[in-house]
Amino acid sequence: MSNGAATNSILLTFVHVITTVLGLIVTKLLSVHFSLQDYGTYSQALLVTTTVTSMSILGLTNATNFFYNRTKDEKSQRIYVATVFAIQYIVGFSCAILVFALRVPISKYFGNETLVGVLPIVALTPLFTNLIAMYQTLFVSIGKAKVIAVRNLAVSVIRLLTVIVACYVLNNIIIVLVVILCMDIAQIVYFYLLFKKYKQPISIRDCHFELVKEILAFSIPMSIYVLTNSLSRDIDKYVISAFSNTETLAIYTNAAKVLPFDLLTSSLITVLIPIMTRMINQKAYGEAKNAFKLYLRIGYVLTFIFVGGAVAVSEDLMRFLYAEKFLVGLPVFVVYLFVDMIRFANVTTILSGAGKTKILMTISVITMLCNAVFNIIGYKLWGMLGPALVTLILTLGMTIALLHFGAKEIHARIPDLFDIKEILVVGLEILATGILVHLLSNYLSGYSLPFVVRLILCYGVYMTILITLNYKRALGCYRQLNRYKG
């Protein structure tokens, strides 16, 4: 049972916890040490790279998983994977040239001349980010999830050290972007050599360009999904940038930051993706339904619990994660906690595994168009809070749509995937305990306790109560999921 899906996901989660803590420390250091203008510039550069990354991936991460796992013939696997990588190299370098050429217009949109010198540094970041994601997919597919865990840990430690140097020695936030670029290059070399050791080298010389049409027929609809989904997540930041200044974007970026309440579920879905792809291709719909239902059960039990406590102590949590100067964004922070609460179910595993990328494309295009219209209306009506509320409503709608069509692919319905009675019981436990802890936090605020002590005490009380009530549920899910092998 040591190589079961649940055991592997626990390993990934353990490393994910460490890397997440290091990542939060990085954000804290940057938020506290640098001005809102500097942090805003950093956020704008990352926003541009996130968008270009989504534009240039072309669904090739999913294509890597789909074409590698649909056959066991190593020659066919090698040819398809080499062709997929060749497409990414061509598209990635083209996008890097485009970012460099458009650096002045992009900087004018954000109203920040400093970006002109920053964008050339990050122009190649989307290419390397995509290649790393594609390599990670391959390592999970060959049962080497531990490699990904070790890599993530090493990268997080190096990034933290870089930020410490940037803050306390060089006093320059741009150094962080330079080191990220260097680390990306090193990771590509590392993954290439390691995959060569386990399987066969991924050589562009093995690519067959006559396969491009077949690959893109699968991946283009998926790429539109990835792009529009990314734009849906980031369009609120573009709206904030258009109607306000760099400092406001800095506040909104941190308030709207995705927090790692899905630590176990994200690790679990990483391990389950190749397993469920094979189940669907083999028409083992009953097994696929059971595995997905277990994943969702772990998701709503654990994610709801973690997020519920965060909402109860949200003010102290935001002060702890960032800094006092970011508290003006607290309403946005709370709304995004609810986005985090439902995000675990917003997965594409079943539809992409079944090759139904056109459905994903349609859902995401509709969501993006709604985002584009209603984010502007929301900002005009409620200011910074408006886009956050729109994001929450549309995320819920998109999640329901994905679950509906995904359930159909494994011959099930949405109610078949959830235990409604259990959700209500867990929900009532969270609500009652959350109110109790919120009142306790307010009571303790009248004393001279440091907010960190208050946060740890109140969240600790909350988690102790909820874990005591629900650990048997989580343990049962773990044992059942561990039956599935990679």
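Just so it is clear, the model here is predicted, and its values are computed rather than measured. (Residues numbered from 1 in each chain as written. Predicted model: local features only at pLDDT ≥ 70, side-chain atom pairs only at ≥ 80, totals over all residues. Heavy atoms only, no water.)

**What about the overall build of the protein?**
Scanning the protein from terminus to terminus reveals 21 helices and 0 strands. Within the protein, counting contacts between residues at least 6 apart in sequence, those at least 24 apart form 85% of the total. Split by element, the accessible area of the protein, about 20,900 Å² in all, is 69% carbon and sulfur. (Helix = DSSP H or I, 4+ residues; strand = E, 2+ residues; numbered from the N terminus. Contact = heavy atoms within 4.5 Å. Areas by Shrake-Rupley, 256 points an atom, 1.4 Å probe, with all protein chains shown as cover.)

**Digging into unusual backbone geometry**
Located in the positive-phi region is H411, a residue other than glycine, with phi close to 60 degrees. Summarising the element assignment, H411 is placed in the loop between helix 18 (385–409) and helix 19 (414–417). Note on H411: relative accessible area 60%, which makes it exposed. (Buried < 20%, exposed > 50% of the residue type's maximum accessible area, 1.4 Å probe, protein only.)

**Digging into the nonpolar core**
One finds L30, L296 and F333 to be the most contacted residues of the largest nonpolar core, which totals 101 residues. When residues of this core are assigned to their parent elements, the largest contribution, 16 residues, is made by helix 13 (residues 285–312). Filtering out sequence-adjacent residues up to four positions away, L30 remains in contact with Y39, Y42, V163, C167, I173 and V176. Judged by nonpolar contacts, the second largest core, of 35 residues, contains L60, A63, F66 and F195. (Core = buried A, V, L, I, M, F, W, Y, C linked by side-chain atoms within 4.5 Å.)

**Here we look at the side chain of T83**
Structurally, the position occupied by T83 is in helix 4 (residues 74–101). Judged by its relative accessible area of 0%, T83 falls in the buried class. If we ignore the near neighbours within four places in the chain, the residues touching T83 are C207, H208, L211, V212 and I215.

**What to know about the confidence of the model for the protein**
Parts of the model with low pLDDT should not have their predicted coordinates read in detail. The pLDDT averaged across the protein works out to 82; a share of 90% of its residues lies at or above 70. No element of the protein has a lower mean pLDDT than helix 1 (residues 5–33), which averages 67, and none a higher one than helix 20 (residues 420–444), which averages 93. (pLDDT = per-residue confidence, 0-100.)

**Quick notes on a nonpolar patch on the surface**
Judged by side-chain polarity, L153, V157, L161, I164, V165, Y168, V169 and L170 come together as a nonpolar surface patch covering roughly 690 Å² of accessible area. With respect to the helices, strands and loops of the structure, L153 is situated in helix 8 (residues 145–170). (Patch = residues over 30% accessible without salt bridge, like charges linked within 9 Å, V, L, I, M, F, W, Y side chains within 5 Å. Salt bridge = Lys/Arg side-chain N within 4 Å of Asp/Glu carboxyl O.)

**As for the packing of aromatic side chains**
With the rule as written, the count across this model stands at 20 aromatic pairs. Both rings, one in F110 and one in Y238, keep their centres 6.2 Å apart while their planes meet at 35 degrees; by these two values the pair is tilted. Of the two residues, F110 sits in helix 5 (residues 103–110) while Y238 sits in helix 10 (residues 212–243), which places them 128 residues apart along the sequence. No difference in accessibility class separates F110 from Y238, as the two residues are buried. The interplanar angle of 45 degrees and the centroid separation of 5.7 Å between the aromatic rings of Y190 and F191 together place this pair among those described as tilted. Of the residues examined, F191 reaches a relative accessible area of 0% and is grouped as buried. What links up through ring pairs into an aromatic cluster is the set Y39, Y42, Y322, F326 and F333. A cation over an aromatic ring shows up here: R103 above the ring of F100, its NZ or CZ 4.2 Å from the ring centre. Positioned over the ring face of F451 is R319, at 5.4 Å from the centre of the ring. (Phe/Tyr/Trp six-rings, centres within 6.5 Å; stacked < 30°, edge-to-face > 60°. Lys NZ or Arg CZ within 6 Å of the ring centre and 35° of its normal.)

**Here we look at the side chain of S364**
Note on placement: S364 falls in helix 17 (residues 357–382). Dropping the residues within four chain positions of it, S364 is found in contact with I224, Y225, T228, N229, S232 and M398.

**What to know about the environment of V81**
Here V81 lies in helix 4. With a relative accessible area of 6%, V81 lands in the buried category. Along the chain, V81 and N65 lie 16 residues apart, while their C-alpha atoms are 9.2 Å from each other. Residues within four places of V81 in sequence aside, it is in contact with Y68, L138 and I202.

**Examining helix 14 (residues 314–321)**
In terms of burial, helix 14 is a largely internal element, 6 of the 8 residues being buried. Residues of helix 14 that are buried: S314, D316, L317, M318, R319 and L321.

**Observations concerning the pattern of salt bridges**
For the coordinates displayed, the defined rule picks out 9 salt bridges. Across the pair D316 and R454 runs a salt bridge whose closest N-O atoms are separated by 2.8 Å. On the criterion of sequence distance, the pair formed by D316 in helix 14 and R454 in helix 21 (residues 451–481) is long-range, its members being 138 residues apart. You'll find D316 and R454 in the same group, each marked buried. Across the salt bridge formed by R473 and E422, the nearest N and O atoms sit 2.9 Å from each other. Residue R473 is found in helix 21, and its partner E422 is found in helix 20; the two are separated by 51 residues along the sequence. Three or more residues joined by partner-sharing salt bridges are found here, namely E315, D316, R319, E324 and R454.

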